[in-house]
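Listed below, chain by chain, are the residues.
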Amino acid sequence: MAGTKALLTLENFINGKFVPCNSYLDSYDPSTGEVYCRVPNSGKEEIEAAVEAARAAFPGWSARSPQERSQVLHRLADLLEQSLEELAQAESRDQGKTITLARTMDIPRSVQNFRFFASSMLHHTSECTHMDHLGCLHYTVRAPVGIAGLISPWNLPLYLLTWKVAPAIATGNTVIAKPSELTSVTAWMMCKLLEKAGVPPGVVNIVFGTGPRVGEALVSHPEVPLISFTGSQPTAERITQLSAPHCKKLSLELGGKNPAIIFEDANLEECIPTTVRSSFANQGEICLCTSRIFVQKSIYSEFLEKFVQATRMWKVGVPSDPSASMGALISKAHLEKVRSYIKRARSEGAQILCGEGVDTLSLPPRNRAGYFMLPTVIADIKDESCCMKEEIFGPVTCVVPFESEEEVIQRANSVKYGLAATVWSNNVGRIHRVAKKLQSGLVWTNCWLIRELNLPFGGMKSSGVGREGAKDSYEFFTEVKTITIKH
Ligand SMILES: NC(=O)c1ccc[n+]([C@@H]2O[C@H](COP(=O)([O-])OP(=O)(O)OC[C@H]3O[C@@H](n4cnc5c(N)ncnc54)[C@H](O)[C@@H]3O)[C@@H](O)[C@H]2O)c1
Ligand SMILES: N/C(=C/C=C\C=O)C(=O)O
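As a convention, each chain's residues are numbered from 1 in the sequence order in which they are written. As a convention, the first chain written is A and the first ligand written is 1, with the rest following in written order. At least 70 in pLDDT is required for a residue's local features to be given in this predicted model, at least 80 for side-chain atom pairs to be given and counted, and no such filter applies to totals for whole chains, interfaces and linings, which use all residues. The side-chain values count all of the structure's non-hydrogen atoms but skip hydrogen atoms and water molecules.

The subject of this paragraph is the pairing of strand β6 (residues 128-131). Here a strand pair is declared whenever DSSP counts at least two bridges between the two strands. For the purposes of this entry, the term helix denotes a DSSP run of H or I that reaches at least four residues, the term strand denotes a run of E that reaches at least two, and both are numbered from the N terminus. Of the strand pairs in this sheet, β6 and strand β7 (residues 136-144) are connected by 4 bridges, and their pairing is antiparallel. The residue bridging H130 from the neighbouring strand is L137, located in β7. Counted between consecutive antiparallel strands, the loop separating β6 from β7 contains 4 residues, among which G135 sits at a positive phi close to 65°.

What follows is the structure in structure tokens.
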């Protein structure tokens, strides 16, 4: 444990109050490799206190009208928006992402999450049927489930936490959220706004700490009937095991090995900058990032030359530098994991065309212990390589040629993941045909990361179970009942 002077020290937020913890974890600034924050190392005791608070708050909160809850979410959105710059600075320092990305994506989307569900939750309809011959009418009603357990990852900390908190409380649940121990600061900052927004004590409880210690206490608690999880597949397997005895409702948003498929008629002037962004945005630490690029053979050489040139323009810099395109990776361990894939590719005879081990990265002296690496492009790699099969979750992408539509669909689908894909072509018939055949929960064509929050978001195969979005989150965070009236 680093010396505790001058370190930002977080506290759990339980029953509307900040509560100190008797043990803490060091949290690092990814851009310097230095400890700068202390995160509560919570356990069962803190989860019990949070369950008690959430249980007590549930009757009152669930009894509020959707309109009353909607107003609270709108006020919280307003308060987050008023703190946008402060939150963006904090997110950038905590996660290593650039200040520009935090300002333009992470925090604005966090605001939008509350605004979106504040509105969408008012417009759902129920179902009704008639059996006149029996004098019966049947209709459905929905009610909040109870205490929602929410577990979120370190790559888009506030963005993904609020994507769960907003629908959970909009539908009348109370929540116990556990952000990643690597990036806990903006969740803690949000807690400071809850009372002013009108969120009653106990409705939102945030307990910080590690997955195995406090995360598992939350997942296995008998009074938490549902878990919304975003993270890695191995963790999802563990959560599934722990929750199984309680038959808990699970939403699992997991990893991806997302292909970009670039046909010879693609508009390269649009495709290349967008595919650089889809490969390296947020240091490649977005579950939707492109990590396999399939290029039709006739344009492969032209694409490769232009893509490498554009990748070398993707500036790695200190996160606080507004001109930086990419900041630092989340941790030393993750940086080494990403680097190990590049070493493996090199040992398999693949070509590292730019980035790690090829180009030079220059950083100010205070950042040389930070977790930085250059965006890296790999070619001449086999589909069977781990770099083409496993999620790397870093600034590394592989570029390989293909000949036919049938071939590329089979190869794109030949991984255990099925989260996202991009398809580039001007042939509308081909776009529709290929998109329908791809084993992905999301397919962007001639674009990337244009998010429609109304429609289902999530993956198939090992990329997860369930979906999130207007209707999907509403249905996940409520239980439906069918009532029959005999008149
Ligand atoms: N599909 C999506 O929307 C999406 C979004 C972001 C990240 N991800 C995936 O998340 C992964 C990276 O995030 P990560 O490293 O934080 O994932 P992770 O699974 O290590 O951790 C995610 C969260 O789970 C907690 N956790 C870890 N072990 C746990 C356990 N045994 N019980 C309960 N909770 C536990 C962590 O503390 C963290 O809060 C990547 O695979 C990425 O693809 C998916
Ligand atoms: N759930 C979402 C995830 C996005 C990126 C994950 O890394 C979303 O955009 O709603």
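What follows is about the UniProt feature "domain: Aldehyde dehydrogenase" (unreviewed entry) in the chain. In the numbering adopted here, UniProt assigns the feature "domain: Aldehyde dehydrogenase" (unreviewed entry) to residues 24-483. When the span residues 24-483 is considered, its composition is 41% helix and 21% strand, and the gap between its end C-alpha atoms is 50 Å. UniProt positions are given in the numbering used here, feature names are shortened, and annotations may be inferred rather than shown by experiment.

All right, on to the sheet that holds strand β4 (residues 24-29) then. Spatially, β1-β5-β4 is the arrangement adopted by the 3 strands of the open sheet, whose pairing is mixed. The sheet is open, and its two borders are formed by β1 (8-9) and β4, each paired with just one other strand. Pairing of β1 with strand β5 (residues 34-40), which is carried by 2 bridges, proceeds in the parallel orientation. Directly across from L8, in β5, lies its bridge partner C37.

In plain words, nonpolar cores are sets of buried Ala, Val, Leu, Ile, Met, Phe, Trp, Tyr and Cys residues tied together by side-chain atoms within 4.5 Å. For the exposure calls, accessible area comes from a 1.4 Å probe over protein chains only, and a residue counts as buried if that area is under 20% of its type's maximum, exposed if over 50%, partly exposed in between. In this structure, L80, F114, I169, V204, I206 and L288 are the most contacted members of the largest nonpolar core, which totals 80 residues. Should any heavy atoms of two residues lie within 4.5 Å, those residues are considered in contact. Contacts of I169, omitting those with residues within four sequence positions, involve W61, R69, L73, F114, V175, V203 and V204. Judged by nonpolar contacts, the second largest core, of 31 residues, contains L329, A350, I378 and C398.

What surrounds ligand 2 is the set R109, N155, L156, Y159, L160, W163, I286, C287, L288, R451, F457 and E468. Polar contact criterion, stated in full: a pair of N or O atoms within 3.5 Å, where within protein one must be able to donate a hydrogen and the other to accept it, and residues adjacent in sequence count only if both atoms are side-chain atoms. Note that an oxygen atom of ligand 2 is positioned 2.8 Å from one of the side-chain N or O atoms of N155. One of the side-chain nitrogen or oxygen atoms of Y159 is found 2.6 Å away from an oxygen atom of ligand 2. When isolated, ligand 2 has an accessible area of 300 Å², and the protein chains bury 97% of it. When residue character is reported, Ala, Val, Leu, Ile, Met, Phe, Trp, Tyr, Cys and Pro are called nonpolar, Asp, Glu, Lys and Arg charged, and the others, Gly included, polar. Class assignment for the residues of the shell around ligand 2 results in 8 nonpolar, 1 polar and 3 charged. Any residue with a heavy atom positioned within 4 Å of a molecule or strand is treated as near that molecule or strand. Under the convention used here, a 1.4 Å probe and the Shrake-Rupley method define accessible areas, while residue burial counts only the protein chains that appear.

Before going further, it helps to examine the pattern of salt bridges. Whenever a carboxyl oxygen of Asp or Glu lies within 4 Å of a side-chain nitrogen of Lys or Arg, that contact is scored as a salt bridge. Taken as a whole, this structure holds 21 salt bridges when the rule is applied. Between E348 and R344 there is a salt bridge; the shortest N-O distance is 3.5 Å. When its relative accessible area of 36% is taken as the criterion, E348 is described as partly exposed. Each member of the salt-bridge network shares a partner with another, and the members are D78, E81 and R115.

Packing of helix α4 (residues 99-120) against helix α5 (residues 157-170) brings their axes to within 8 Å, and their N-to-C directions diverge by 5°. Considering their axes alone, α4 and α5 lie roughly parallel with respect to each other. Contacts between α4 and α5 involve M105, D106, I107, R109, S110, N113, F114 and F117 on the former and, on the latter, P157, L158, Y159, T162, W163, V165, A166, P167, I169 and A170. Partitioned by chemical class, the residues of the contact of α4 with α5 number 13 nonpolar, 3 polar and 2 charged. As a rule, the C-alpha atoms of each element are fitted with a line to give its axis, helices using only the stretch in contact, and angles between N-to-C directions run from 0 to 180 degrees. Roughly parallel covers angles under 35 degrees, roughly antiparallel covers those over 145, roughly perpendicular covers 65 to 115, and oblique covers all other angles.

Okay, the site of ligand 1 next. Around ligand 1, the surrounding shell holds 28 residues, and the nearest of these are S152, W154, E181, L254 and E391. Between ligand 1 and S180, the relevant distance is 3.5 Å, taken from an oxygen atom to a main-chain nitrogen or oxygen of the residue. Secondary-structure elements contributing two or more residues to the shell around ligand 1 are α7 (211-219), β11 (226-230) and α8 (233-243). Classifying every residue of the shell around ligand 1 by side-chain character gives 12 nonpolar, 10 polar and 6 charged.

Under the UniProt annotation, the feature "active site" (unreviewed entry) is placed at E253. With respect to the element layout, E253 can be found in strand β12 (residues 249-253). Residues within four places of E253 in sequence aside, it is in contact with F229, T230, G231, F457, G458, G459, S463, G466, R467 and E468.

Positive phi is not limited to glycine here, since N15 has a value of about 55°. Along the chain, the position of N15 falls in the loop between β2 (12-14) and β3 (17-19). For N15, a relative accessible area of 35% gives the class partly exposed. In this structure, L449 takes a positive phi of about 60° despite not being glycine. Looking at the element boundaries, L449 is found in the loop between β20 (442-445) and β21 (460-461).

Right, let's talk about the sheet that holds β6 for a bit. Pairing within the open sheet is antiparallel, and its 3 strands lie in the order β6-β7-β23. Looking at the sheet topology across the chains shown, the edges are occupied by β6 and β23 (478-486). For this sheet the average axis-to-axis angle between neighbouring strands, irrespective of direction, equals 25°.

So, about the packing of aromatic side chains. Put simply, two rings from Phe, Tyr or Trp (the six-membered ring, in Trp's case) pair if the centres are within 6.5 Å, and we call them stacked under 30 degrees between planes, edge-to-face over 60, tilted for the rest. For the coordinates displayed, the defined rule picks out 9 aromatic pairs. Relative to W188, the ring of F18 has its centre 6.4 Å away and its plane inclined at 65°; by these criteria the two rings are edge-to-face. Note that F18 is positioned in strand β3 and W188 in helix α6 (residues 185-197), a separation of 170 residues in sequence. Both rings, one in F116 and one in F117, keep their centres 5.1 Å apart while their planes meet at 80°; by these two values the pair is edge-to-face.

Axis separation between helix α3 (residues 84-95) and α4 bottoms out at 8 Å; the angle between their running directions is 115°. By crossing handedness, the relation of α3 to α4 is classed as right-handed. Of α4, the residues touching α3 (which contributes L84, E85, L87, A88, Q89, E91 and S92) are I99, A102, R103, D106, I107 and P108. Of the residues belonging to the contact of α3 with α4, the class tally is 7 nonpolar, 2 polar and 4 charged. Two helices cross in a left-handed way if the nearer one is turned anticlockwise from the farther one by less than a right angle. They cross in a right-handed way if the turn is clockwise.

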